[in-house]
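Now for the letters of each chain:
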Amino acid sequence: MLKSKTFVKKTRSGGILKVVREHYLRDDIWCGSEVCGECRDESPVLQRDACMESSLCPSPHYLIPDTNVILHQIDILEDPLIKNVIFLQTVLQEVRHRSAPVYKRIRDAIHNADKHFYTFTNEHHRETFIEREPGESANDRNDRAIRVAARWYGQHLSRAAGGGELQVVLLTDDQDNKEKAEKNGILVYKCEEYVKSLIANPELVDRLALTSDQNEINSGKVLFLEHLPLSKIQAGIKSGIYLQGTFHASRDNYLEATVFVHGEAAERKEVLIQGLQSLNRALHQDVVAVELLSRECWVSPSEVVLQDDGGKDEDTGEEEVEDKNKSAEASILKPTGRVVGIIKRNWRPYCGLLSQSNIKEATRHLFTPDDRRIPRIRIETRQASNLVGHKIMVVIDGWPKNSRYPNGHFVKNLGDVGGKDTETEVILLEHDVPHLPFSQAVLSFLPKMPWGITEEDVKNRMDLRHLCVCSVDPPGCTDIDDALHFRELENKNFEVGVHIADVSHFIRPGNALDQEAANRGTTVYLCGKRIDMVPELLSSNLCSLRSDVERFAFSCIWEMNYSAEIIKTHFTKSVIKSKASLTYAEAQLRIDDTSLNDDITQSLRGLNRLAKILKAKRVEKGALSLSSPEVRFHMDSETHDPVDLHTKELMETNSMVEEFMLLANISVARKIYEEFSECALLRKHPSPPPSNYDILIKAAKSKGLLIHTDTAKALADSLNLAEIEGFPYFNTLLRILATRCMMQAVALLITHTLLYSDIIATLCNNLNYRHKMAQYAQRASVAFNTQLFFKSKGILNEDGFILFVRKNAIIILIPKYGLEGTVFFESKDKPSPHIAFSDEGPTLTVEGHTFFMFDKVKVTVALDASNIQHQKIRMALIEPHITVTNYNPHNILTSGSDLGMRAKKKKKKKKKSHKY
C-alpha cells in the first residue's frame, strides 16, 4: 500500500520545487512475539513467559515506553531486570532527533539478545500508521501514533494468544497522554509507579530520574534568577546584548568560572564569572548565554582556594563565601559577567562518593563528585549505608532555581574506594573513554579464523616479504603497528621503508566496526591496561606486525643518498614478514655490540646513522627538541601493584624510530596536500600566543640568559645555547618549561566541499577530543599508580628542583620519579607575615630565604591519605629549612597509616616483578 504527499517549496535561487514523498505501508511486519501464531516470524524476540514481578501487573506483560521515558529513564531501561520491551519506530526517531547519546545507548541495548528488546516499525504497518490531522502538532500526532500502536499490540497479542493473560503496558510520564490512553482502553502507568511496583529489585527505584515536576523543591526561597527562554537568548546574542560561550568551572574555587566566548566577532574572548548567583546553575562545559557587567563591576580572578564544604545550611550561605572571595588581592581586572541562560547542557555521568545524611532513616543525601569543577548533587537512595565507602556513579536530572545543589539519581555502584579496578574504571568514565566490550554487531565484521594471506592477495600488493623488516617498540608491546627496513642499493644509495599495519583491509567504510573505531578515535594506554580502538583480534594479531608472520601493510619507501637526501618516494600497499620484534633496549644492544654483524643489526645501524642526519637537519631548520619527564612502573607479578618507579631512559633507538615516523608523516602529508588539496585532513601544532612564553623568558632571564621566541628556529637556537656550567640538568628544566608553553596538536580540515566538510569536521572534532581525553586519562592513571607506589614507602627524602614559584608556594620537580608537588608556606585562613612575593624572576622570600625558579632543594615525599577521595603526594622542605610551611608529613602519614601499614605487610613477601 502506497501513501504519497505532494508539496512545493521555494529554493535558494527563488524558484519553486515540487516535492513528492512516498510512504509505503505493509501488512507483513511481524509483532516479534513467541506467543503469536499469526505472524510468520522465524526468530521472535519477545518471550512467551515475559514475567517481571509487579504488584500492579502480576500477569506476563510487554512494555512500550514513550519518547520521554527513554530520554529520561534510560538508566532504568538498561538495568538487567527490564526485559521484553517494544520500541516503536516513532519513539526511536524522536529519541534520535533529541539525543544522540541516548539513542546510541538504546540501540546498544536493543542489540543485546539477553534483553529481548524488539523494534516495531509502526510507521510502515498498515494498521498502526496514522496521518497528521489538520491543526494537530507534530508532538500530539506522535503521541497518538504511540497510543494507536500500543492498542493494536494489545488486541493483536490477545487474539494471537487466544485471550490469554499476556498484556501490553504503555509507560508515559505525560498526564494528558496517560488519560487519553486510559480512555482508549490501554493499560498505562507512569514510569515511577511501575518501577516502584517491581518486586524483584526494589533498589531500582534509586535509578529513577526526577521529572520536571519532581525537580522543583517545596521552598519559598528563590536562590537563582530564572533562565531566559531560548528565543530571548537568540535575539539578545544577535543584537549583541548577550554573548554565547562555553562555561569552564574553576578547579580551585567553586565560586568562579570563565566563559570562553564563541565567534570571531567577539571582542572579548574570555568573561570572568564570580559568585553563586552569577554562575546561575551553569555546569562545566555547558554552552551558556552571558551578560557583561558594567566596567565598574569588573573584578580580578581570585587567588583564594575555595572548596565547597556544604556549609551549615545547604540551601543558603552565599554571603559567607562571597566575603572570603572579596578578600582576594586585586590584580588585573577582567571583563566580568553573569550567566542569564543555558543554550546547551553538557551533563554526563559523574563518579564520586556519597555523603550520608546525619538524619536517621533519611533518603536524601549529598553526592560529592571526584571532579572538583562539578558541584555536589542531591540524590535520593534507600541504600546509603551500603554505598558509603564506595565509588558510585550519579546523573544530574535538573537544577531548580530554589535549590543550592542540582538534583540527580544513583546509577551504579563502581566498587570500594581506592581499589585498583574501581579507580581505573573511574578514570575511564571520568575521561569519557569508551571501554565497554565490543558488541556482537562489531565483532560480526571480523575475519573468520583461521586467517591467512592468499596468493590472490599478494597479486594486488607489492611483495616485500624478502626484505629485512624489523620493529622496535617499548617492552611488552603486542599492538605493533609500525616496522622499518634498510638496505643498500646497487647504485650505492639506500632504500629505507616505513611499514604501517594496514587496518583498512579489515574494516569496510560505514559498517559497525568502522563506526565503533571512529567513535573511540584512539587506543588508550593506562598503566598495565590498554583500551583498544579495534578488537584485539586486529590490534594484537592480524594488524600487529609481529615477527615471522605475514602481514598486510601500507608502505612508504624512500631512496636516499649517503647524506640522507631523498632521491624519490614511493607509496604502496604491501605484504611484509618481519624478521624481528625488538624492544628499544634490544635494538640498542645490537647497534652497540661490535661482535654482531647480521642483517638485522646492520639494518639497524644504517637506520640509526641516517636518523641522526635527519634530526640534525630538522634542528638546523628550527625544529624544537622539548622535554617532558615520563615514568615507568615495575609491577608485582601477582598483585599488579607498582613496586618500583623511575623515569624512562631514552636511547638512540627511541630517536631513530621517531625520526622515520616523522619523515613518513611529512611525506604522506605532502602527498595528500598535493593530490587532494581541497579535501585534506592534516595534523598540526598551532603556534602558542606570545604570552605563553612569558614564564620561560623570565626564568631564563633570572639566570642571566636570553630566550628568543620570534620564530621556532630562534627558540630552538636559544634553548640549544642555554647552558650553565656545573648545572647539567638546567637545560632539561628549561625544555620542560618550554613544553608547557606549547599548544596541543589538532587535526585540521582543509576543504571547499560543504557536505564533505560537515562530515569530516565532525570526525575531526571527535578525534581531537578523544586524543585529548586519552592523554588526560593516561596522566590520571600515572598519578593513581604513583600514589599506590608511595603507600608502601613511608616518608622518603629526595632531591628536587623548583619548577614554578607562586605567591604562597613553590612547585617542585623530583627528576628521579618525574614527580611534581607543591610546598605551601601559608594556609588560606592564616596569611603569614614572613612571606614576600616578587613578580620579577619570579621570586618568593620566606623567612629571609629567597626561592628562585630552578633552585635545587631537598624535600620529604609522602602520601597524604587524610582525604580518602582526593589522596595526594605531599612534599615538605628539608633544605633549606623553613618553619612556616603548613604541612607536616608525619601527621599526614599517621592519618593514612592504615593504608600504609597494609601496603608494608604486603612488601614482606618478595615477589618477581615485570615491567609496563
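Residues numbered from 1 in each chain as written. Predicted model: local features only at pLDDT ≥ 70, side-chain atom pairs only at ≥ 80, totals over all residues. Heavy atoms only, no water.

### Some points on the side chain of Thr67
Argument step 1. Within the secondary structure, Thr67 is located in helix 1 (residues 67-72).
Argument step 2. A distance of 2.5 Å separates a polar atom in the side chain of Thr67 from a polar atom in the side chain of Glu94.
Argument step 3. Apart from residues lying up to four places away in sequence, Thr67 is in contact with Val91, Glu94, Val95, Arg98 and Ile146. (Helix = DSSP H or I, 4+ residues; strand = E, 2+ residues; numbered from the N terminus. Polar contact = N/O pair within 3.5 Å; in protein donor to acceptor, adjacent residues only side chain to side chain. Contact = heavy atoms within 4.5 Å.)

### What about the nonpolar core?
Argument step 1. Ranked by size, the top nonpolar core spans 56 residues in total, and within it Ile82, Phe87 and Tyr153 carry the most contacts.
Argument step 2. The biggest single contributor to this core is helix 5 (residues 138-160), with 6 residues.
Argument step 3. Once residues lying within four places of it in the same chain are set aside, the contact partners of Ile82 are Met52, Leu63, Ile76, Leu77, Lys115, Phe117, Leu198 and Leu204. (Core = buried A, V, L, I, M, F, W, Y, C linked by side-chain atoms within 4.5 Å. Buried < 20%, exposed > 50% of the residue type's maximum accessible area, 1.4 Å probe, protein only.)

### Things to note about the side chain of His365
Argument step 1. With respect to the helices and strands, His365 occurs in strand 14 (residues 364-369).
Argument step 2. Judged by relative accessible area, His365 falls into the buried class, the value being 4%.
Argument step 3. Of note is the side chain of His365, whose polar atom sits 2.9 Å from the backbone nitrogen of Ser357.
Argument step 4. If we skip the residues at most four places from it in the chain, His365 touches Leu354, Ser355, Gln356, Ser357, Ile377, Arg378, Ile379, Thr381 and Ala384.

### Some details on the pairing of strand 9 (residues 256-261)
Argument step 1. As judged from the 5 bridges shared by strand 8 (residues 242-249) and strand 9, these two strands associate in the antiparallel manner. By the bridge assignment, Thr246 is partnered in strand 9 with Phe260.
Argument step 2. Following strand 8, the chain reverses through 6 residues before pairing antiparallel with strand 9.
Argument step 3. Judged from the 5 bridges that link them, strand 9 and strand 10 (residues 270-274) form a sheet pairing that is antiparallel. By the bridge assignment, Thr258 is partnered in strand 10 with Leu272. (Pairing = 2+ DSSP bridges.)

### Structural notes on the sheet that holds strand 36 (residues 849-852)
Consider a sheet: its strands pair through backbone hydrogen bonds, and that pairing is either parallel or antiparallel.
Argument step 1. Read from one edge to the other, the open sheet built from 3 strands follows the order 34-35-36, with strand pairing classed as antiparallel. Each of the sheet's edge strands pairs with one partner strand only, and the pair in question is strand 34 (835-838) and strand 36. Ignoring strand direction, the axes of neighbouring strands in this sheet form an average angle of 20°.
Argument step 2. Summarising the sheet, strand 35 (residues 843-846) and strand 36 pair through 4 bridges and their orientation is antiparallel. Each residue of the ladder has a partner; that of Val846, found in strand 36, is His849. (Axes fitted to C-alpha atoms, helices over the stretch in contact; angles between N-to-C directions.)

### With respect to helix 3 (residues 89-98)
Because each turn of an α-helix spans 3.6 residues, side chains separated by three or four positions in sequence point in the same direction.
Argument step 1. Every buried residue of helix 3 is accounted for by Gln89, Thr90, Val91, Leu92, Glu94 and Val95.
Argument step 2. The inward-facing, buried residues of helix 3 abut strand 3 (61-65), helix 1, strand 4 (85-88), helix 4 (100-111), strand 5 (117-120) and helix 5.

### Some remarks on the sheet that holds strand 21 (residues 494-501)
Argument step 1. Pairing in this open sheet of 7 strands is mixed, and the strands run 18-25-24-21-20-19-26 from one edge to the other. If you trace the sheet from one side to the other, it starts and ends with strand 18 (462-463) and strand 26 (580-583), each paired once.
Argument step 2. Pairing of strand 19 (residues 469-473) with strand 26, which is carried by 4 bridges, proceeds in the parallel orientation. Note that in strand 26 the partner of Cys470 across the bridge is Ala580.
Argument step 3. Across the face of the sheet, helix 19 (residues 599-620) comes into contact with strand 19, strand 20 (482-488), strand 21, strand 24 (550-560) and strand 26 while running at roughly 95° to strand 20.
Argument step 4. Against the sheet, helix 20 (residues 652-675) touches strand 19, strand 20, strand 21, strand 24 and strand 25 (566-577), its axis set at about 85° to strand 24.

### As for the pattern of salt bridges
Argument step 1. Scanning all chains against the criterion turns up 45 salt bridges.
Argument step 2. Between Lys196 and Glu192 there is a salt bridge, with its nearest N and O atoms 2.7 Å apart. Note that Lys196 and Glu192 are positioned in helix 7 (residues 191-197) at a spacing of 4 residues, about one turn of the helix.
Argument step 3. Judged by relative accessible area, Lys196 falls into the partly exposed class, the value being 46%.
Argument step 4. For Glu192, a relative accessible area of 28% translates into the label partly exposed.
Argument step 5. Beyond isolated ion pairs, a larger network of salt bridges with shared partners links Arg348, Asp371, Arg373 and Glu430. (Salt bridge = Lys/Arg side-chain N within 4 Å of Asp/Glu carboxyl O.)

### Some details on the pairing of strand 34
Argument step 1. Both strand 34 and strand 35 contribute to a ladder of 4 bridges, which runs antiparallel. Residue pairing in the sheet places Ile835 in a bridge with Val846 of strand 35.
Argument step 2. Between the end of strand 34 and the start of strand 35, which pair antiparallel, lie 4 residues, with Gly841 showing a positive phi angle near 125°.

### Notes on the packing of helix 21 (residues 694-702) against helix 23 (residues 730-741)
In a packed pair of helices, the relevant descriptors are the angle between the two axes and the axis-to-axis distance.
Argument step 1. Taken N-terminus to C-terminus, the directions of helix 21 and helix 23 make an angle of 160°; their axes are 9 Å apart at the nearest point. Taken together, the axes of helix 21 and helix 23 are roughly antiparallel relative to one another. In this structure, helix 21 meets helix 23 at a crossing whose hand is left-handed. In contact with Ile695, Leu696, Ala699 and Ala700 of helix 21, helix 23 contributes Leu734, Leu737, Ala738 and Cys741.
Argument step 2. Among the residues forming the contact of helix 21 with helix 23, the class breakdown is 8 nonpolar, no polar and no charged. (Parallel < 35°, antiparallel > 145°, perpendicular 65-115°, else oblique. Left-handed = near helix turned anticlockwise from the far one by under 90°. Nonpolar A, V, L, I, M, F, W, Y, C, P; charged D, E, K, R; others polar.)

### So, the environment of Val417
Argument step 1. Inspection of the secondary structure puts Val417 in the loop between strand 17 (407-416) and helix 13 (420-430).
Argument step 2. Exposure remark for Val417: the relative accessible area of 16% places this residue in the buried category.
Argument step 3. Residues Val417 and Gly389, 28 residues apart in the sequence, show an inter-C-alpha distance of 5.9 Å.
Argument step 4. In contact with Val417, not counting residues within four places along its chain, are Leu353, Gly389, His390, Lys391, Glu423 and Ile868.

### A look at the confidence of the model for the chain
Argument step 1. Model confidence for the chain is summarised by a mean pLDDT of 86, while 89% of its residues fall at 70 or above.
Argument step 2. Counted against residues more than four places away or in other chains, residues 311-330, with its pLDDT under 50, gives 33 contacts.
Argument step 3. Counting contacts from residues 892-916, a segment whose pLDDT is below 50, to residues more than four positions away or on other chains yields 42 contacts. (pLDDT = per-residue confidence, 0-100.)

### Topic: the environment of Leu223
Argument step 1. As for its position among the elements, Leu223 is in the loop between helix 8 (212-215) and helix 9 (230-239).
Argument step 2. Classification of Leu223 by relative accessible area gives buried; the value is 13%.
Argument step 3. Each C-alpha atom of the pair Leu223 and Leu276 lies 8.9 Å from the other, and the pair is 53 residues apart in sequence.

### Regarding the packing of aromatic side chains
Argument step 1. Tallying each qualifying case throughout the model produces 18 aromatic pairs.
Argument step 2. Ring geometry for Phe87 and Phe117: centres 5.0 Å apart, planes at 65°, overall edge-to-face. Of the two residues, Phe87 is situated in strand 4 and Phe117 in strand 5; the sequence distance between them amounts to 30 residues. In terms of burial, Phe87 and Phe117 fall into one category: buried.
Argument step 3. Ring geometry for Phe825 against Phe851: centres 5.5 Å apart, planes inclined by 25°, an arrangement best described as stacked. With Phe825 in the loop between strand 33 (819-824) and strand 34 and Phe851 in strand 36, the pair connects residues that are 26 residues apart, well separated along the chain.
Argument step 4. Under the relative-accessibility criterion, Phe825 is labelled buried at 0%.
Argument step 5. Judged by relative accessible area, Phe851 falls into the buried class, the value being 0%. (Phe/Tyr/Trp six-rings, centres within 6.5 Å; stacked < 30°, edge-to-face > 60°.)

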